[in-house]
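One-letter residues, chain by chain:
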Amino acid sequence: MTDKDKEHFNARAGSSYAASIGISHRTTPLKCSWTGDMRVRFSDFQVNEISKDGTVLHLRTIGLGNETTQPEQSQNSESNTKSVDSHTPQDEKPQPEQTIEIPQEDVKVLEDLSTTQFAQDLVKLFNHGNGPSSNDANTATSPVIDDKPKRAQIHQEVRRIFKSRLETTTGHDGVIIANYVSPRKGKKSRGRRGQPGDDEPMGEYLHFTLYKDNRDTMDAASQIARLLRVKPQIIGYAGTKDRRASTTQRCSVRHQRKRALAGLNGKLWGIATGDYEYQEQPIHLGQLLGNEFVITLKNCKMADETAAQSPSERLASMRNNVEPALKHMSSHGWINYFGHQRFGTHDVGTHQVGKLILGDDFEGAVNALLKYDPEIAAKAEAGQVPDEPSKKDDALRHLACMLFQTGKDLNRAVNVIPRRFAAESCILRHLTRMGKNSARDFAGAITHITRGLRSMYLHAYQSHVWNHAASQRYALHGSKVTKGDLVISGGEAQPAAAEQDQDGDEIINPVEDEEDAPLRARPLTEEEAASGKYTIYDIVLPSPGYDVVYPDNEIGQFYQEFMGREENGRLDPHKMRRLRREFSLPGRYRKLMQRFLVEPSVEFKLYEHDTEQMHPTDLDLINGAERNGIERKRKRDQDDGGPAKKIKAGDGEAQAEAKMERANSEQDATSSNGAEAKAETEPSAEPTKIAVVVKFQLASSAYATITLRELMGDRSDEATPTPSDEGVDNS
C-alpha cells in the first residue's frame with residue numbers, strides 16, 4: 001500500500017467534517033493529541049464477533065479438519081492428500097433410516113389445532129420420507145382453517161415437532177399443505193448420498209465461522225452463495241463487518257452440508273470457513289453482543305514531540321499520554337456518536353439522500369445518488385481507466401452516471417455501471433427499462449433499491465439528527481442528569497423478537513397501525529433527576545420516529561428546531577409517518593454514553609518497516625501454530641531417529657485452542673517494543689517508528705472510529721470534562 005493510500009487517522013484534519021455530522025465533543029482529558037496511520041495492512045484492523053454469552057469468536061479449524069481422513073485408508077497413503085470431493089466409495093450403500101416415533105403429546109397438540117386426520121397424515125408423511133413406510137402419499141392437507149393466528153401456530157408446531165423436515169405452506173383457500181423436505185432426497189439439499197462425512201443428520205441450518213480479509217460481509221456472502229448456487233438472502237449473519245480489515249463472524253446457510261461448504265475454501269479469495277455445526281434456527285441481524293477490536297496504529301506521533309527526542313523517549317511520552325486517557329475512558333465512557341462510516345464516503349452523504357427521501361424529493365434523491373465528477377467521467381470515456389480494481393470501478397461509476405445524466409447513451413450506462421454499486425445499478429435499470437415511460441419515475445427508482453440500502457439512507461439521516469442532539473445535550477448539561485431526560489421504562493419487557501438495523505441498534509416499537517403501542521422510554525421528573533438514582537449512563541436520546549417520545553426539556557425543542565431548518569429538510573420530528581410504508585420510521589433509543597464491555601489494553605512498540613504485522617490474525621494463529629508444530633515434530637523425530645510426518649490442518653477444537661495458546665505465548669514472548677527480532681539481524685539499528693496496538697470490546701451499536709477519536713484527541717474540541725464529570729459514580 002502506498003503512502004497516498006494509507007488511512008491517516010488524524011482527528012484534527014477532519015474536525016470540520018466531524019462537526020458537520022454532529023461529532024463535536026470529547027469527554028476524555030488528554031495531555032496531548034496524537035496521530036497514526038490506520039490499516040497500513042488490512043490485518044492492522046482486526047474484528048472478532050462477540051456472541052450473546054460474551055464469548056469472543058475465533059476461527060478454530062478451516063474446513064472439515066479430521067473429517068477429511070478416511071478410516072479405511074492407510075495413514076501413509078498418498079490418497080490422503082487428495083481432495084475429499086474426489087472420493088467416491090465403490091461399495092458404500094446408503095443405510096435405510098429408522099422410523100421415528102412422534103410423542104403422543106405432540107400429536108395431541110396437532111389434533112387440537114386442526115383435526116385428528118390431519119395430525120395422523122402429518123405423522124405418516126414424516127415417516128414416509130424418513131424411513132420405510134407403506135404410505136405412498138407425498139403431501140398432507142388440512143381442512144380449511146380461516147383463523148390466521150391458528151394457521152401460524154400450526155406452521156410453528158409442525159416445524160418444532162418434525163424438526164423442520166416437513167415444510168408447510170398456506171393455499172389461497174386457507175388450506176395448509178405439508179411436504180417432506182429430505183436432507184438427502186429434497187431438492188433444496190445439494191449433498192451427495194454416500195459421501196464420507198454425510199452420515200450426520202443434516203439440520204435445517206448449517207452454522208459456520210467466516211474469516212475474511214479485505215472483503216465486506218455482503219460480498220463474502222454473495223461469493224459463497226454463487227458457488228453454492230443459492231440466493232445470498234439465505235446466508236444469515238448477525239452484523240456486517242468492515243471491508244478493510246481481518247474479521248471473524250458467525251454465519252448460517254439453509255439446507256447445506258458441511259462438505260459442500262468446506263469444498264469452497266480453495267475457491268474463495270480472501271475468505272475461509274470452518275467450525276461447522278447444524279442448528280435448527282438461522283443467525284439473524286442483531287444476534288450478537290458486540291465486537292472485539294485489535295487495532296494497530298503505525299507511525300504514531302504526538303503533536304508536541306520534537307526531533308531532538310530519541311525513539312525511546314518518544315515511546316515513553318506516548319505511553320504516559322495514552323494509558324491515562326484509556327483508563328479514564330474505561331471508567332467514565334464517552335459520547336456514543338454514530339461514526340463517519342454511517343454517513344458514506346461519496347461527495348453526497350447517505351444522510352443527505354435520506355433527508356431528500358423523507359422530504360418526498362425523489363428526483364433530488366436520484367440525482368444525489370447519480371452525482372459524478374465530469375473530469376473522471378471524461379477520462380473514463382476516453383479509455384483512461386485505472387488498472388486497480390477498486391479505482392477502476394469508481395471511474396466506471398462516474399462514466400455510467402455521466403452517460404445517463406447527459407442522455408448520451410442510456411443502454412451503455414446500464415451496461416457500464418459496476419455491480420458493486422447496487423443503488424446506482426437499481427436506479428439506472430429502472431429508469432431505462434421502459435424508455436421514456438419510466439425515465440421520470442423517480443419514486444419507483446428509489447423503491448427499487450434494495451430494502452437494506454433504502455434503510456441505510458433513512459437511518460443515516462436519523463443518526464445525523466441524533467449526533468447533533470447528543471452534542472447539544474452534552475454542551476448544555478455535561479454529565480448532569482436533568483429534568484426531562486429520557487430513561488428506558490423499567491417495567492416494560494423487551495419484545496420477543498426485536499427488529500434491529502444493520503448496526504445492531506434495536507428499532508423500538510416496530511408496530512404498524514398501533515397508535516397506542518407501549519412506549520419504551522419516559523422523561524424524568526425534577527425529583528427523580530435530583531435523587532441520584534439515575535446517572536448519565538441511564539440517559540437515552542431518540543432518533544426521530546413516529547413511535548418514540550422526545551426529552552421533555554430544551555433538547556426536545558432542539559429536535560424540532562434542528563430538523564425544521566431548510567438545510568435539514570424542513571422536517572417535523574413528530575410527523576414521521578409516510579404514505580409509503582417503507583419510508584415510515586418508528587424511531588429508536590440510543591444510550592447517550594458508551595463504555596467498554598471489558599477492560600481494554602494497549603501495547604506500545606518500536607518498529608522499522610510499515611509492513612510488519614504487530615498482532616496475529618486468526619488465520620495466522622492457525623497457520624503459524626501448524627508450522628511451529630511441524631518444526632517441533634520434525635526435530636523430535638530427528639532426535640528419536642524417526643521420520644518427520646506432516647501434521648494435518650484443523651485437527652479439532654481442543655488442539656486448535658492449544659495451537660492458539662502456543663501462538664499467543666510466542667507472540668507475548670517478544671518485547672513490548674517489538675525490536676528484539678530485528679536486533680538479531682541489525683544489532684546497531686534502533687527502530688525509530690512507534691506503533692500503538694489497542695484492544696477493546698464494544699457493544700454492537702458502538703463505533704471503533706469514535707473510540708479512537710476519543711483516545712487520540714482533537715485540539716479543536718473541548719477536551720476537558722465538565723466539573724460534573726469528576727463526580728460520576730461508576731459503580
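The sections below set out a description of the structure shown in this document. What you see is a predicted model, and the numbers here were worked out from it, not measured in a lab. (Residues numbered from 1 in each chain as written. Predicted model: local features only at pLDDT ≥ 70, side-chain atom pairs only at ≥ 80, totals over all residues. Heavy atoms only, no water.)

**Examining the overall build of the protein**
Heads up, the rule is: The helix and strand labels rest on DSSP assignments: H or I over at least four residues marks a helix, E over at least two residues marks a strand, and numbering proceeds from the N terminus. The rule is simple: take the accessible area with a 1.4 Å probe, protein chains only, and divide by the maximum for that residue type; under 20% is buried, over 50% is exposed, in between is partly exposed. The contact criterion used is simple: two residues touch if any of their non-hydrogen atoms lie within 4.5 Å. In this description, accessible areas are obtained by the Shrake-Rupley approach with a 1.4 Å probe, and a residue is regarded as covered only by the protein chains that are shown.
Per the secondary structure count, the protein includes 21 helices and 19 strands. Classification of the 731 residues of the protein by burial places 50% in the buried group. Taking the intrachain contacts of the protein between residues at least 6 apart in sequence as the baseline, contacts between residues at least 24 apart amount to 79%. Surface summary for the protein: the accessible area is close to 36,300 Å², and the carbon and sulfur share equals 48%.

**Digging into the environment of Thr 273**
Stated precisely, the cut-off is as follows: The term polar contact refers here to a pair of N or O atoms within 3.5 Å; inside protein, the definition further demands a hydrogen-donor-capable atom paired with an acceptor-capable atom, and it admits residues adjacent in sequence only when both atoms are side-chain atoms.
In this structure, Thr 273 sits in strand 10 (residues 271-279). For the pair formed by Thr 273 and Arg 250, sequence separation is 23 residues and the distance between their alpha carbons is 9.6 Å. Apart from residues no more than four positions distant in its own chain, Thr 273 is found in contact with Leu 59, Thr 61, Ile 62, Gly 63, Phe 208, Thr 209, Leu 210, Ile 224, Leu 261 and Asn 265. One polar contact links Thr 273 to Tyr 276, side chain to side chain, over a distance of 2.8 Å.

**Focus: the sheet that holds strand 14 (residues 521-523)**
Counted only if it meets this: One requirement defines pairing of two strands: DSSP has to find at least two bridges between them. All axes here are fitted lines through C-alpha atoms, helices being fitted over the stretch that makes contact, and every angle between N-to-C directions spans 0 to 180 degrees.
Spatial strand order, 14-13-15-16: four strands in an open sheet with antiparallel pairing. The open sheet is flanked by strand 14 and strand 16 (588-591), the only strands paired with a single partner. Taken over all neighbouring pairs, the strand axes of this sheet differ in orientation by 50 degrees on average, direction set aside. Seen against the sheet, helix 15 (residues 451-477) touches strand 15 (539-543) and strand 16 and runs at an angle of roughly 140 degrees to strand 15.

**Some words on the side chain of Glu 157**
Examined against the element boundaries, Glu 157 turns out to sit in helix 4 (residues 148-161). Here Glu 157 is in contact with Val 109, Leu 110 and Leu 113, once residues within four sequence places are set aside.

**Notes on helix 7 (residues 311-332)**
Worth spelling out the cut-off: Between the first and last residue of a helix there are one fewer steps than residues, each counted as 1.5 Å, and that sum is the expected span.
Under the 1.5 Å per step criterion, the end-to-end length of helix 7 is 31 Å for 22 residues, consistent within 8% with the ideal 32 Å. Among all positions of helix 7, only Pro 311, Arg 314, Leu 315, Met 318, Asn 321, Val 322, Ala 325, Leu 326, His 328, Met 329, Ser 330 and His 332 are buried.

**Points about the packing of aromatic side chains**
Here is the rule we go by: Ring pairs are drawn from Phe, Tyr and Trp, using the six-membered ring of Trp, whenever the two centres fall within 6.5 Å, and their geometry is named by plane angle: stacked under 30 degrees, edge-to-face over 60, tilted for the rest. As a reminder, the over-ring test applies to NZ of lysine and CZ of arginine, requiring each to be within 6 Å of the ring centre and within 35 degrees of the ring normal.
Within this structure, the stated rule accounts for ten aromatic pairs. Measuring from ring centre to ring centre gives 5.7 Å for Phe 338 and Trp 466, while their planes differ by 90 degrees; the resulting arrangement is edge-to-face. Of this pair, Phe 338 sits in the loop between strand 12 (334-335) and helix 8 (350-358) while Trp 466 sits in helix 15, and the two are 128 residues apart along the sequence. With respect to class, Phe 338 is no different from Trp 466; both count as buried. With centroids separated by 5.7 Å and ring planes inclined at 45 degrees, the aromatic side chains of Phe 596 and Phe 696 adopt a geometry described as tilted. In this pair, Phe 596 is assigned in the loop between strand 17 (593-594) and strand 18 (601-607) and Phe 696 in strand 19 (residues 689-699), connecting sequence segments 100 residues apart. A single burial state applies to Phe 596 and to Phe 696, both of which are buried. Site record: aromatic cluster; members linked through ring pairs are Phe 45, Phe 293, Trp 334, Phe 596 and Phe 696. Lying over the aromatic face of Phe 45, Arg 39 brings its terminal NZ or CZ to 3.9 Å of the ring centre. The positively charged end of Arg 590 is found above the aromatic ring belonging to Phe 338, 3.8 Å away from the centroid.

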